[in-house]
Amino acid sequence: MATRVKTRKVVIIGAGHVGAHIALCLMFQHLVNEIVFLDINDAAVRAQVMDLDDLAAGMGDSFIIRGGTYADCEDAHFVVNTAGRSRKPGESRLAMLEGTVKVLQNIVTPIKDSGFHGIFINVSNPCDIVTEYVYQQLGLPRGQVFGTGTGLDSARLRRILSDNLGVARTQVQAFCMGEHGDSSFIPASHITVGGLALKEYLRLRPEFKANLDLDKVIKEVRAAGGTIVQGKGCTEFGIAGVVADIIVAVLHDEKRVMPLSVHLDGEYGGRHLCAGTPCVLGNQGVEQVLELELSGNEQELMQKSLDVLRDYLKKIDL
């Protein structure tokens, strides 16, 4: 019989910028009771734990924040993987594959051996490839192993669209699909603004039609991460917010529709790979993978993105 999950216990693999900011978001939103860091750099773990514990003391909260071992995964509600080297300026996420897989080989086996049976959230790049690798190695239901995928791309998309359309970001419903990378695309047929289809919104506010060039928008979305890395060496805040949103949706059983990287079992013609697609997220993790009706051009873009991922999956031993 599986060990009972310790609700609101999160194990974060990787004590770098991303792991620390995920912990920060979880603390500020009072989402968890216990945060455990795992990292090969013991000094980094001790420093992050001490710094975050100082924050908890200042907030007057009694979080448990500590370093740990892979045995801590046994009863963890969530394991969040941020391990892997940082992306270099000008480098694609897929170029990080070889180095990240080497790291994963020392991570997945001890997680599995711990008896972990909670929800695994992958952040490490290349996100879709890493998520598929972990999914196949852990042997858990696909709803319990998924990646942030195009969640961050979609947040960037809403930011850019809100500026172009003259509305608050909360009024824009839009997402990216496919690879979390250079072959991602926007299913424009599913963009809505305040409940209105994009086409209808632009009919009613024609002054914004000239502002909107979706080809330019997707280029901005794809380039955003690289621009941030070029300027400061890493991305950290946006992705931490995406992970916190995922954990909120699970803990509150929100049945929220979110774009995530999930193992495809025939959806969009994809098998034996993970890709970004809208999913229903609740207390069991991904409860349903939503297969949208896509226009002819959108279908072609999805297949192109899946082909990119298939080619890279051939390079690792699954």
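Residues numbered from 1 in each chain as written. Predicted model: local features only at pLDDT ≥ 70, side-chain atom pairs only at ≥ 80, totals over all residues. Heavy atoms only, no water.

### Notes on the overall build of the protein
Assigned secondary structure in the protein consists of 10 helices and 12 strands. Relative to a compact globule of 318 residues, whose C-alpha radius of gyration would be 20 Å, the protein shows 19 Å and is just as compact. Along the three orthogonal principal directions, the C-alpha set of the protein runs to about 55 × 45 × 40 Å. Looking at the protein as a whole, 52% of its 318 residues are labelled buried. In the protein, the share of contacts with a sequence separation of at least 24, taken over all contacts with a separation of at least 6, comes to 71%. (Helix = DSSP H or I, 4+ residues; strand = E, 2+ residues; numbered from the N terminus. Rg over C-alpha atoms; globule rule 2.2 N^0.38 Å. Buried < 20%, exposed > 50% of the residue type's maximum accessible area, 1.4 Å probe, protein only. Contact = heavy atoms within 4.5 Å.)

### Re the sheet that holds strand 8 (residues 192–193)
Taken in spatial order, the three strands make up an open sheet running 7-8-9, and their pairing is antiparallel. Each edge of the open sheet is held by one strand with a lone partner, namely strand 7 (172–173) and strand 9 (196–197). Pairing analysis gives two bridges linking strand 7 to strand 8, with the strands arranged antiparallel. Bridging across to strand 8, V172 finds its partner in V193. (Pairing = 2+ DSSP bridges.)

### Here's the deal with the packing of helix 5 (residues 127–138) against helix 10 (residues 296–313)
Axis separation between helix 5 and helix 10 bottoms out at 10 Å; the angle between their running directions is 55°. Taken together, the axis directions place helix 5 and helix 10 in an arrangement best described as oblique. For the element pair helix 5 and helix 10, the recorded crossing hand is right-handed. The segment helix 5 lies against helix 10, with D128, I129 and E132 engaging L309, Y312 and L313. In the contact of helix 5 with helix 10, the residues fall into four nonpolar, no polar and two charged. (Axes fitted to C-alpha atoms, helices over the stretch in contact; angles between N-to-C directions. Parallel < 35°, antiparallel > 145°, perpendicular 65-115°, else oblique. Left-handed = near helix turned anticlockwise from the far one by under 90°. Nonpolar A, V, L, I, M, F, W, Y, C, P; charged D, E, K, R; others polar.)

### Points about helix 8 (residues 214–232)
With 19 residues, helix 8 extends 27 Å from end C-alpha to end C-alpha; this agrees with the ideal 27 Å at 1.5 Å per step. At A223, helix 8 shows its strongest bend, of approximately 40°. Buried residues belonging to helix 8 abut helix 6 (151–165). The N-capping residue of helix 8, defined by a side-chain oxygen 3.1 Å from the backbone nitrogen of D215, is D213. Two residues or fewer past helix 8, G233 is found with a positive phi of approximately 95°. (Expected span 1.5 Å × (residues − 1). Bend = angle between axes of the 7 residues up to and from the residue. Polar contact = N/O pair within 3.5 Å; in protein donor to acceptor, adjacent residues only side chain to side chain.)

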